[in-house]
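Structure assessment
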Amino acid sequence: MRPKAGKRATRARAVPDAGLLLDLFGDGESPPAPRADKPAGRTPARPGGTGLPTATQARPAAAPAGTPPPAPDTGAPAIPGSAPGPAPATATAAPAERGVLSISEFTSRAKALLEGAFDPVTVRGEVSNLRRQGSGHAYLTLKDAGSQLSAVIFRGDALRIRFPLRDGMQVVATGAVSIYEPRGTYQLIVRTLVEDGEGRLQREFERLRRKLAAEGLFERARKRPLPPLPRVIGIVTSPTGAALQDFLRILGRRGWRGRIVVLPARVQGVEAAGEVAAAIALAANLGILDLLVVARGGGSLEDLWPFNEEGTVRAVAASPVAVISAVGHETDFTLCDFAADIRAETPSAAAELISSGHIAATGRVNAARQWLDGRAARGFEAISRRAAFAGARLDACPPARMAQAQRFRLDDLRNRLRAAPALAAHHHRARLASALARLEVAAPKNRLRLQAARLHALAAALRRPPPRELARQAGRLQAAAVALERGARLRRAENTRALAALGQRLRAAGVEETLRRGFALVRGHDGHLVGRAADIASQVPVRIRFADGELEAVARPKKT
């Protein structure tokens, strides 16, 4: 289904044993479950994860000797008249009615008719879905703009091909048309194969690569580093494909914990490119993703072509969220790989890349836990040693011995108390003798004698005329008085200015001035100031003081 921006699916499911929260973002509907009465021949997407139904071909029974081996399932619809499901090796039952053929009889007649109607034919087409087997056989699909034809090259004929065969090549094949009876499918048995130039899709791939590279979409400077520990990851892929299951299984196995947002989109077909680009745009609009993964299983160049479309590549390059391109297998390259911030060889490799930071952080946490456990054990051992030492000291000095030591100390204190009055009287007598000696020195008659002598000396000095030196000293004293007064005035002015500046700074640092600059004081319900958001419980009333008044509010936790 095509994802629509702004709508979010309400269904979510937990991945067992992975601890992952899985969301489906789309038009609010989950992919329809397979019905029991579903027509034969149509199944959900095969393990490549296209999200589209394809024709189902049953496992063939053992082929008779001389019958060519079947081509692997290519997803192409069966020819009219062929029936899905296992076909018997030989016809064992006669028709129940006259003129009614068994499936084996009908297929045998169709094979004889088809092989007799066609001589060796030569066709021109593009190689797609090339698969080489260990036996040396090669299976492929030849296609043009309107149709496709299954083909097989047996080992002997494959060894005669002198050029490397690959998907996207334009070739001319000559061979015979045949029907593989157990499955009722027709194919071209290729005898000779010659190269007929480069395929259309390959040429278009190179043209788009050169065009977008010239615009700078593949520049290394545009690449962003991936978040080391992403918590919410979006993945653009088919919700029924094996790529998503591999991605989730690897994350769960490696112990990653986080949220996975699935943005469903078709990953194969005409509408796939538009749906992938729309899912990438939806991921940008959600605003909750730390990382975006664009994923799909392996396939041919045609199967992977939606990830080479110009619209898809530009959507990846314009994504504001870091993008990992995990499209195809190790040898598959798409233009989205060049535009993404990083390329992963497979969806499983993308999951390993994402969870590597989590594993490293988990290792550091485990190391810290072990260190703390060691510290706790060592602390417990130290406490045990101190307790043992205290017990040993207690054993070495029993209570009876401690009581005897206290009795000795009491006797000593009693003796000191008895001797204390005599010691105090002796001390006071010594202090009294010292005071009497000082009083004798400072007796009034002695001081009067000394002052009288000094007075006679001063009177004699006054009767003498004042010397010249006294006049100079008086002048110097007057000048010093003037300078001291001037300095006092200057110092007082400086102190006044400094005091005014300090007063201004004090007013600026005051609460009222701070509130006028746009700040506010938050007090809890008990009247105490609140300095941190963590100190306020949810739904608790608080008072907020501004410069022009106060408001009452209720605390509410911030949504993450």
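A brief report on the enclosed structure follows. Just so you know, these numbers come straight off a predicted model, no measurement behind them. (Residues numbered from 1 in each chain as written. Predicted model: local features only at pLDDT ≥ 70, side-chain atom pairs only at ≥ 80, totals over all residues. Heavy atoms only, no water.)

Bringing the overall build of the chain into the picture now. Of regular secondary structure, the chain possesses 12 helices and 17 strands. Expressed as a percentage of the 560 residues in the chain, the buried residues total 31%. For the chain, contacts bridging at least 24 residues in sequence account for 63% of all contacts bridging at least 6. Accessible surface computed for the chain: about 35,900 Å², of which carbon and sulfur atoms make up 58%. (Helix = DSSP H or I, 4+ residues; strand = E, 2+ residues; numbered from the N terminus. Buried < 20%, exposed > 50% of the residue type's maximum accessible area, 1.4 Å probe, protein only. Contact = heavy atoms within 4.5 Å. Areas by Shrake-Rupley, 256 points an atom, 1.4 Å probe, with all protein chains shown as cover.)

What follows is about the pattern of salt bridges. In this structure the tally under the stated criterion is 19 salt bridges. Between arginine 207 and glutamate 204 there is a salt bridge, and its shortest N-O distance comes to 2.6 Å. Note that arginine 207 and glutamate 204 are positioned in helix H3 (residues 200-214) at a spacing of three residues, about one turn of the helix. Residue class for glutamate 204 comes out partly exposed when judged on its relative accessible area of 26%. Beyond isolated ion pairs, a larger network of salt bridges with shared partners links Lys211, Glu215, Glu310 and Arg314. (Salt bridge = Lys/Arg side-chain N within 4 Å of Asp/Glu carboxyl O.)

Below, the discussion takes up the side chain of serine 355. Positionally, serine 355 belongs in helix H8 (residues 347-396). Residue classification places serine 355 among the buried positions, given a relative accessible area of 0%. Sequence-distant contacts of serine 355, defined by excluding residues within four places in its chain, comprise Leu251, Arg254 and Trp256.

Here we come to the packing of aromatic side chains. Following the criterion strictly, the structure yields two aromatic pairs and no others. When the ring of phenylalanine 218 is compared with that of phenylalanine 338, the centres are 5.6 Å apart and the planes differ by 40 degrees; the resulting orientation is tilted. Of this pair, phenylalanine 218 sits in the loop between H3 and strand S10 (232-237) while phenylalanine 338 sits in helix H7 (residues 335-339), placing them 120 residues apart in sequence. By relative accessible area, phenylalanine 218 is classed as buried at 17%. Between the aromatic rings of phenylalanine 333 and phenylalanine 338, the centroid separation amounts to 6.4 Å while the plane-to-plane angle is 20 degrees, which identifies the pairing as stacked. Grouping aromatic residues by their ring pairs yields a cluster made of Phe218, Phe333 and Phe338. Sitting over the ring of phenylalanine 333, arginine 343 keeps its end group 3.9 Å from the ring centre. (Phe/Tyr/Trp six-rings, centres within 6.5 Å; stacked < 30°, edge-to-face > 60°. Lys NZ or Arg CZ within 6 Å of the ring centre and 35° of its normal.)

Bringing the sheet that holds strand S16 (residues 541-546) into the picture now. One open sheet holds the three strands; their spatial order is S15-S16-S17, and the pairing between them is antiparallel. Two strands in the sheet have a free side with no partner beyond their single neighbour: strand S15 (521-523) and strand S17 (549-554). On average, each strand axis in the sheet is tilted by 25 degrees relative to the strand beside it, whichever way the strands run. In this sheet, S17 lies alongside S16 in antiparallel orientation, the contact comprising six bridges. Looking across to S17, one finds that arginine 543 is bridged to glutamate 552. (Pairing = 2+ DSSP bridges. Axes fitted to C-alpha atoms, helices over the stretch in contact; angles between N-to-C directions.)

Moving on to helix H5 (residues 272-286). The end-to-end C-alpha distance of H5 is 21 Å, a good match for the 21 Å that 15 residues give at a rise of 1.5 Å each. Burial in H5 covers these residues: Ala272, Ala273, Glu275, Val276, Ala277, Ala279, Ile280, Leu282 and Ala283. If you follow the buried residues of H5, they end up packed against S10, strand S11 (258-264), strand S12 (291-296) and helix H6 (310-318). (Expected span 1.5 Å × (residues − 1).)

In short, shape yes, function no, at least from these values alone.
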